[in-house]
Amino acid sequence: MAKKKKETQEITFTPSGTGIRTNGHVVRSTELPNPTKKKHKSLGLSEEDVVDMFELMYLQRRFEERAMQMYQKGKFGGFLHLYMGQEAISTGTVYALNDDDDIITAYRDHGWGLVRGVSPKEGMAELYGKETGCSHGKGGSMHFSKAENHFWGGFGIVGGETPLGGGIAFANKYKQTGRVTACFLGDGAVDQGSLHETLNMSQNWGLPCIYAIENNGYAMGTAVHRHSVGELYERAKGYGMKNAVINGMDVFTVYEKMKEIAEDVRKNSEPWLVEIRTYRYRGHSMSDPMKYRTKEELQEYEKLDPVERIKKYLLDEDIIDEDKIDEIQDGIEDTIMEAIDYAEESDFPDTSDLYKHMFVEDDYPFHR
Amino acid sequence: MAELQFREAIRAAIDEEMSQDENIFVMGEEVAEYNGAYKVTEGLLDKYGSKRMIDTPIAELGFAGIGVGAAMNGLRPIVEFMTFNFAVLAADQILNHASKIRYMTGGQIEIPIVFRGPNASAGQLSATHSVSYDAMYAHFPGLKVIYTSEPADAKGLLKSAIRDDNPVLFMESEQMYGLKGEVPDEDNFTIPIGKAKVKRKGSDVTVVAHGKMYHVATKAAEQLAKDGVEVELIDPRTVKPLDIETIVKSIKKTNRCVVVDESHPFGGLAAEVGYLIQREAFDYLDAPVQRVTLPDTNAPFAKNLFDEWLPSPDQVIEAVNIVTYRK
């Protein structure tokens, strides 16, 4: 009979603390791969394109900063998950894809809507829950969508949109549309079984889909190394799937890589798993005290700000000067203030709209 | 008219609709090369090929979601679950996505999808293979739920389900697949969703029963007729939207009602129908509504316990005796 050990070891499960096992002196939840060294011309982008990219990114940033203020003033309720810090991903991706390629994402979706045809007015009105919102006030912050522009929406269940993206790609292959689907998910959604099931079928069936993980370092308040083992992009290996890891703080890098990948998907009808490393500046939602990360870490990433980075590029390359930057920023500021006015002045949905959009037919006999 | 097995009636509905619309496809476990776990889709792979008859891995959540995504993007999927007991793994896609996407997007996206497969118990299969899910899905707005009892109803309603632009759950039974019945064979034979059918006329008591329980109720009605009690037997066929008008109309004639339901007692169709009857026909009732359901226990394996667990014609007769004060 074995002797009883006198001392028992302390049992732990989830790795705890804010550190990571391979960290340097500043703790970072993700390590960014190198950005591209290419300049806009060698990427096939015109000067106008670069200015437009800056405008799109600045629009997303200011839209959310203002939305946050309005939320804090109590102008509207619900959740508000901010995309700030991640704008290079939405912007680089829409530039890399064709306009009729399909995009679907999770609930951190304001930026995605704005780059895919949700106007600032429609977006702000949706946050306010107004009838003039992109989803007629039925979806709110988590459910921006513009189906006519092939933006299928933000989805609120973590990992819920992953098989939907596969299904959109399935239909494109079935109907031979030649369209590529870009299905975005957060690092937290990597842990859901829906990703495994979808990747397995996608590889087996050759679905033309890019599964793109926006790894912003945190699944709500749990650092990526605390919720997921190994490197996220390496999950692809289990399926024999093509994969990449991309710097998501640099719009040119996102554009360059996503364009290459989209071309490969279009040509070969094979899926990819892509990890795009980025950082979210704000909490998971507005009620998040952010005690799970250090101030220093946030400051490190703010030095890499994607909006400042492209602004600096425009100035360094003499594409536009400071005055023009100011003019653009002022114009965007005006657009957003107009959007807020529009949202505030718009009507709420009529109470009879409670039953609208449930079923295709108008005469469905609702249970009562 | 032709005499078809239940499975053949379902197959005919799928086949006829697939032949008319290129965007309809079938996906699920063993639907293609195996010819269907219960031979419902037998021969359809040969006819429509592997583009439209798709074998999936055992990944209900994943393939249900791929089905919903395909429906968003213009296709009309028929997603087969080997049984609705396994569809529980796909519940997120059915309940959080299929039923809600149109609403959340303010009507921008339609989800014309059918989820179908056998529901409820099928003999001694123990606890996890024996649950009736129609009332659970009917609880959720945005879904239509059909659970038929006879081949003709199955064909007509499945064709309507496939043509419907909303998500529809269509439920069958392993134990009814071999059941034969006369089935209209014209291409445009459909039965509207949401219409009950009076399947036996009677003046003494209204019995409401759907799916497999319809046959249990039928046996009870035959026995009761020998004793001089005439049962009016109503098969709702569609659980949601529920045709309560047909039921209430009958109760206004018979003044008594028994609901037979292969769900557990809490919150099943019997519970809902009972509530609606007291609201709509309170003054017409000569006795409290009775119900015959599963007990509030899991399905047992042992034969004697299983027989005790499943509603029987005798239990229906006993309930009828109570509402007719013959006991």
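Residues numbered from 1 in each chain as written. Chains lettered and ligands numbered in written order. Predicted model: local features only at pLDDT ≥ 70, side-chain atom pairs only at ≥ 80, totals over all residues.

1. Looking at the overall build of chain A
Scanning chain A from N- to C-terminus turns up eleven helices and eight strands. Relative to the 2.2 N^0.38 estimate, which gives 21 Å for 368 residues, the radius of gyration of chain A is 22 Å and therefore close to what a compact globule would have. Referenced to the eigenvectors of the C-alpha coordinate spread, the extents of chain A come out at roughly 80 × 65 × 50 Å. A total of 368 residues make up chain A; the buried ones form 48% of that total. For chain A, long-range pairs separated by at least 24 residues make up 78% of all intrachain contacts whose partners lie at least 6 apart in sequence. (Helix = DSSP H or I, 4+ residues; strand = E, 2+ residues; numbered from the N terminus. Rg over C-alpha atoms; globule rule 2.2 N^0.38 Å. Buried ≥ 20, exposed ≤ 12 C-beta atoms within 10 Å, placed from the backbone. Contact = placed C-beta atoms within 7 Å.)

2. Re the domain arrangement of chain B
Residues and elements named next belong to chain B. Along its sequence, chain B is carved into domain 1 (2–183) and domain 2 (197–323). Inter-centroid distance (C-alpha atoms) of domain 1 to domain 2 is 26 Å. Facing 24 residues of domain 1, the contacting portion of domain 2 comprises 22 residues. Those elements that place two or more of their residues in the side of domain 1 that touches domain 2 are α6 (134–138), β6 (144–147) and α7 (151–163). Of the residues in the side of domain 1 that touches domain 2, the class split is eleven nonpolar, ten polar and three charged. (Domains from an automatic or database assignment. Nonpolar A, V, L, I, M, F, W, Y, C, P; charged D, E, K, R; others polar.)

3. Re the confidence of the model for chain A
With 95% of its residues at a pLDDT of at least 70, chain A reaches an overall mean of 94. Note on residues 21–26 of chain A: pLDDT is under 50 here. Beyond four places in sequence and across chains, it has five contacts. (pLDDT = per-residue confidence, 0-100.)

4. Topic: the pairing of strand β5 (residues 114–118) of chain B
All names here are of chain B. Here β5 lies mainly inside the structure; five of its five residues are buried. Pairing of strand β4 (residues 76–80) with β5 involves three bridges; the strand directions are parallel. Following the sheet pairing, Val79 is matched in β5 by Phe115. (Pairing = 2+ DSSP bridges.)

5. What about the interface of chain A and chain B?
Listed by partner, the interface residues are 35 residues for chain A and 38 residues for chain B. Those elements that provide at least two residues to the side of chain A that touches chain B are β2 (151–154), α5 (161–174) and α6 (193–205) of chain A. By residue number, the principal contributor to the side of chain A that touches chain B is α5(A), which donates ten residues. The residue makeup of the side of chain A that touches chain B, split by class, is 15 nonpolar, 17 polar and three charged.

6. A closer look at the environment of Glu361(A)
Mapped onto the secondary structure, Glu361(A) falls in the segment after α11 (322–345). Residues Glu361(A) and Gly117(A), spaced 244 residues apart in sequence, show a C-alpha to C-alpha distance of 27 Å.

7. What about the confidence of the model for chain B?
Residues of chain B with pLDDT of at least 70 account for 100%, and the chain-wide mean is 97. What the predictor reports for the complex is a pTM of 0.96 with an ipTM of 0.97.

8. Quick notes on helix α10 (residues 269–281) of chain B
The periodicity of an α-helix, 3.6 residues per turn, causes residues three or four positions apart to be oriented the same way. Residues and elements named next belong to chain B. Here α10 is 13 residues long and its end C-alpha atoms lie 17 Å apart, about the 18 Å a rise of 1.5 Å per residue gives. Listed as buried for α10 are Leu269, Ala270, Glu272, Val273, Ile277 and Ala281. Buried residues of α10, seen end-on, are gathered within an arc of 160° and therefore sit on one face of the element. Pointing more than 90 degrees away from the buried face of α10 are the exposed residues Tyr275, Gln278 and Arg279. Buried positions along α10 lie against α6, β10 (205–209), β12 (238–240), α9 (244–254), β13 (257–260) and β14 (290–292). (Expected span 1.5 Å × (residues − 1). Arc of directions from axis to C-beta.)

9. What to know about the sheet that holds strand β8 (residues 272–277) of chain A
Sheets are built from strands paired through backbone hydrogen bonds, the pairs being either parallel or antiparallel. All names here are of chain A. Taken in spatial order, the six strands line up as β2-β1-β3-β4-β8-β7 in an open sheet, and their pairing is parallel. One side of each edge strand has no neighbouring strand; the edge strands of this open sheet are β2 and β7 (242–247). Here the average twist between neighbouring strands, direction ignored, is 15°. As judged from the six bridges shared by strand β4 (residues 209–215) and β8, these two strands associate in the parallel manner. Bridge pairing in β8 links Asn215 to Arg277. (Axes fitted to C-alpha atoms, helices over the stretch in contact; angles between N-to-C directions.)

10. Details of the sheet that holds β5(B)
All names here are of chain B. Pairing is mixed in the open sheet, where seven strands are placed in the order β3-β2-β4-β5-β7-β6-β12. The open sheet terminates on both sides in strands that have one partner only, identified here as β3 (53–55) and β12. Each neighbouring strand pair of the sheet contributes to a mean axis angle of 20°, computed without reference to strand direction. Strand contacts of helix α3 (residues 60–72): β2 (24–28) and β4, with the helix running at about 165° to β4, the strand carrying the most contacts.

11. Topic: helix α8 (residues 212–226) of chain B
All names here are of chain B. Across its 15 residues, α8 extends 23 Å between first and last C-alpha, which sits within 8% of the 21 Å expected from 1.5 Å per residue. Along α8, the residues classified as buried are Lys212, Met213, Tyr214, Val216, Ala217, Thr218, Ala220, Ala221 and Leu224. Where the residues of α8 are buried, they touch β9 (197–200), β10, β11 (231–235), β13 and α12 (313–323). Positive backbone phi, at 85°, marks Gly228, one or two positions downstream of α8.

12. Focus: unusual backbone geometry
Residue and element names in this part refer to chain B. Here the amide bond leading from Lys240 into Pro241 is cis, since omega sits at 0°, within 30 degrees of zero. On the secondary structure map, Pro241 appears in the loop between β12 and α9. One non-glycine residue with positive phi stands out, namely Tyr325, at about 55°. Relative to the elements of secondary structure, Tyr325 occurs in the segment after α12. For Tyr325, a count of 9 C-beta atoms within 10 Å translates into the label exposed.

13. Some remarks on the packing of α8(B) against α12(B)
All names here are of chain B. With their axes 8 Å apart at the nearest point, α8 and α12 run at an angle of 60° to one another. In this view, α8 runs oblique relative to α12, as classed from their interaxial angle. You can see that α8 and α12 cross each other, and the crossing is right-handed. Only Pro313, Val316, Ile317 and Val320 of α12 make contact with α8, whose side of the interface consists of Val216, Ala217, Lys219, Ala220, Gln223 and Leu224. Residue classes in the contact of α8 with α12 are distributed as eight nonpolar, one polar and one charged. (Parallel < 35°, antiparallel > 145°, perpendicular 65-115°, else oblique. Left-handed = near helix turned anticlockwise from the far one by under 90°.)

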